[in-house]
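A look at the structure
The primary structure of each chain is shown beneath.
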Amino acid sequence: MSTEEKPEPAPPTNFIREIIDADNLSGKFGGRVHTRFPPEPNGYLHIGHAKSICLNFGLALKYGGKCNLRFDDTNPAKEDVEYVDSIQEDVRWLGFQWDNLLYASDYFETIYQYAEQLIEKGLAYVDSCTTDEIRQLRGTLTHAGKPSPYRDRSAAENLDLFRRMRAGEFPDGAHALRAKIDLSHANMNMRDPLLYRIRHAEHHRTGNKWCIYPLYDFTHGYSDSLEGVTHSICTLEFENHRPLYDWLIDVLGLYHPQQIEFARLNLTHMMMSKRKLLELVETKSVTGWDDPRMPTIAGIRRRGYTPEAMRAFCEEIGVTKFNSLTEIVVLENAVRADLNKRANRVMAVIHPIKIVLENYPDDQVEELDAINNPEDPSAGSRRVPFSKVLYIERDDFMETPPKQFFRLSPGREVRLRWGYLITCQSVVKDPATGEIIELRCTYDPLTRGGNAPDGRKVKSTIHWVSAAHAVDAEVRLYDHLFSIPNVADIPEGEDWKNYLNPKSLVVVPAAKLERSLVTAQPGDRCQFERLGYFCVDKDSKSDKLIFNRTVTLKDEWAKIQKKQGA
RNA sequence: UGCCUGAUGGUGUAAUGGUAGCACGAGUGACUCUGGAUCACUUGGUCGAGGUUCGAAUCCUCGUCGGGCAACCA
């Protein structure tokens, strides 16, 4: 240790770790840390869930504790095994392994017994009001509720009714079990909350064994308690439920986990509502749950994001109780940072324009050395074919360039990456439309590899592909799903789908790729030099390659253009 | 009109009564065979008003503003 060394940066912390540290110090849970990730299998997981997953599993890892994956499957009407499967895949993909794979439905019998105990203690009753009546009697935010006419049934009558509910004697909605707490409680959740409802529905795990199902509040805390969870971490909207969570556990004298709430993730140009995501899928606004524009984990995986980048992102954004809106560039930056280190560079021309090297021998082909990843010497190098007719990016040429544009233009010399220095001699246009269809250039034979023996410099290096050797591929250019930053700003009553970005997907049917890409396999990631990071789509075939743009590279020129336009 | 909860640069997040720091963004420059990467520097903040204290982002009081809550959803 030298005195010159900078002081160690403080380890990143958050209020939940502080609570755990304090609990460990006081011995509240005997030094144990046990968390759980409790998704309802009613949709695909999204980036917001990734935050929760990283938090819960990360805490267990950090403290040498445990983390369960528990499906909160108490509503058979909305749930499905498709979701159960996708959720497990997503958690694994993120790099986490649960200690126990559990289902709230595993506890249905135990929880049912708890309900009977509550009835026997006079703390729960069967209400035979309709949904409307219950709503009426519950009162409002500012006015106390009134007791149901069935509130004072005897324990024996309640027990009899409840058992007959379970036995299937009643149709849906005929009765419901309610906790007997306080109809004038300031917290609406404490105004005799419903505990069980009758649902003659087949459950994806328990089949037709049950026709009554417990509600979230009645199930969740008991599940935590049964599993020995220490810190039950959930999002802010459950804050008002904590008194009920505590009450239900305490009246039965059960082991009491601590519920802690944190703010869910919001991202600009994104939307995290499961319901609306489902709507996008059902209205075919996107191709499915794993459409690369979706904020789902399946979507961003298909888009080419890495689990490492996702975990780094979740670490980066922190955990608080503040309702925040994180800029999407933070996410994009995380994947750039990761891929910059590991993605091999290749050359691909997305919007090609043909150039002909007038002084290059007609049938000559050279194999030029190209480094695969300047950030990683161990990635080695490859050979790329060079010939008389090439494609370059249309944007890399301007006939009348503005001051700050230093790519190709008439009379100007630029470097072809790993190739030669070339100079544009003339422009060939379609006489009918005036459109530029070809550039006539000359190359300097002395500059093979990209350096001039006389030491002269060029301002720009551009990418290219040999026309004769090019591989065609479909390239899907993705952009933000929403055109506005804050989806929450959309006025109530207005159709939020009007704010979808019409250019969130631009398909380029025939981009020109360098030869080495013919063998690209689904899932492969690479950087198209100067354009961005791309990955091979799962639908890609050897005779029809498909690439997804994960994220563009930072683009200084685009920034300059934007400034000039403004 | 009730209850719960929150407020630190443009954004996100540290500080636990003792120099307001970090990351991203933005700006400037260096370097560069990717207008990438990297490096350096700069910019800019404690919601308001009182109070306690030698000292307050932090504690107290009163405001202001934001979020959540009235499914037999989770």
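Digging into the pattern of salt bridges
Enumeration according to the criterion identifies 50 salt bridges in this entry. Two residues, Glu-308 and Arg-342, come together in a salt bridge whose shortest N-O distance is 3.1 Å. With Glu-308 in helix α11 (residues 307–317) and Arg-342 in helix α12 (residues 328–342), this residue pair connects regions lying 34 residues apart in the sequence. Looking at Glu-308, the relative accessible area reads 34%, which means it is partly exposed. Residue Glu-375 pairs with Lys-341 through a salt bridge whose shortest N-O separation is 3.8 Å. You can see Glu-375 sitting in the loop between β13 (366–371) and β14 (381–386) and its partner Lys-341 sitting in helix α12, a full 34 residues away along the chain. One network of salt bridges, in which partners are shared, links Asp-290, Arg-302, Glu-474, Arg-476, Asp-537, Lys-538, Asp-539 and Lys-544.

What about the side chain of Arg-178?
Within the element layout of this structure, Arg-178 appears in strand β5 (residues 176–179). Among the polar contacts listed, one links the side chain of Arg-178 to the side chain of Asp-127, at a separation of 3.1 Å. Look past the residues within four positions of Arg-178 in its chain and what remains in contact with it is Leu-123, Ala-124, Tyr-125, Asp-127, Ile-134, Ser-148, Arg-191, Asp-192, Pro-193, Leu-194 and Leu-195.

Focus on the protein's contact with RNA strand B
Residues in contact with RNA strand B amount to 68 residues; listed here are only the nearest, Glu-18, Thr-74, Arg-345, Arg-407 and Gly-449. The side chain of Glu-375 places a nitrogen or oxygen atom 2.9 Å from a sugar or linking oxygen of RNA strand B. Residue Phe-406 places a main-chain N or O atom 3.1 Å away from a base oxygen belonging to RNA strand B. Mapped onto the surface near RNA strand B, the elements with two or more residues apiece are α5 (131–137), β6 (194–198), α11, α12 and α13 (556–565). Looking at side-chain class alone, the surface near RNA strand B contains 21 nonpolar, 23 polar and 24 charged residues.

Things to note about the confidence of the model for chain A
For chain A, the mean per-residue pLDDT works out to 96, and 98% of the residues sit at or above 70. Counted against residues more than four places away or in other chains, residues 1–8, with its pLDDT under 50, gives zero contacts. For this predicted complex, the interface score ipTM comes out at 0.96, while the overall pTM is 0.96.

Rules behind the numbers
- Residues numbered from 1 in each chain as written.
- Chains lettered and ligands numbered in written order.
- Predicted model: local features only at pLDDT ≥ 70, side-chain atom pairs only at ≥ 80, totals over all residues.
- Heavy atoms only, no water.
- Salt bridge = Lys/Arg side-chain N within 4 Å of Asp/Glu carboxyl O.
- Helix = DSSP H or I, 4+ residues; strand = E, 2+ residues; numbered from the N terminus.
- Buried < 20%, exposed > 50% of the residue type's maximum accessible area, 1.4 Å probe, protein only.
- Polar contact = N/O pair within 3.5 Å; in protein donor to acceptor, adjacent residues only side chain to side chain.
- Contact = heavy atoms within 4.5 Å.
- Near = heavy atom within 4 Å.
- Nonpolar A, V, L, I, M, F, W, Y, C, P; charged D, E, K, R; others polar.
- pLDDT = per-residue confidence, 0-100.

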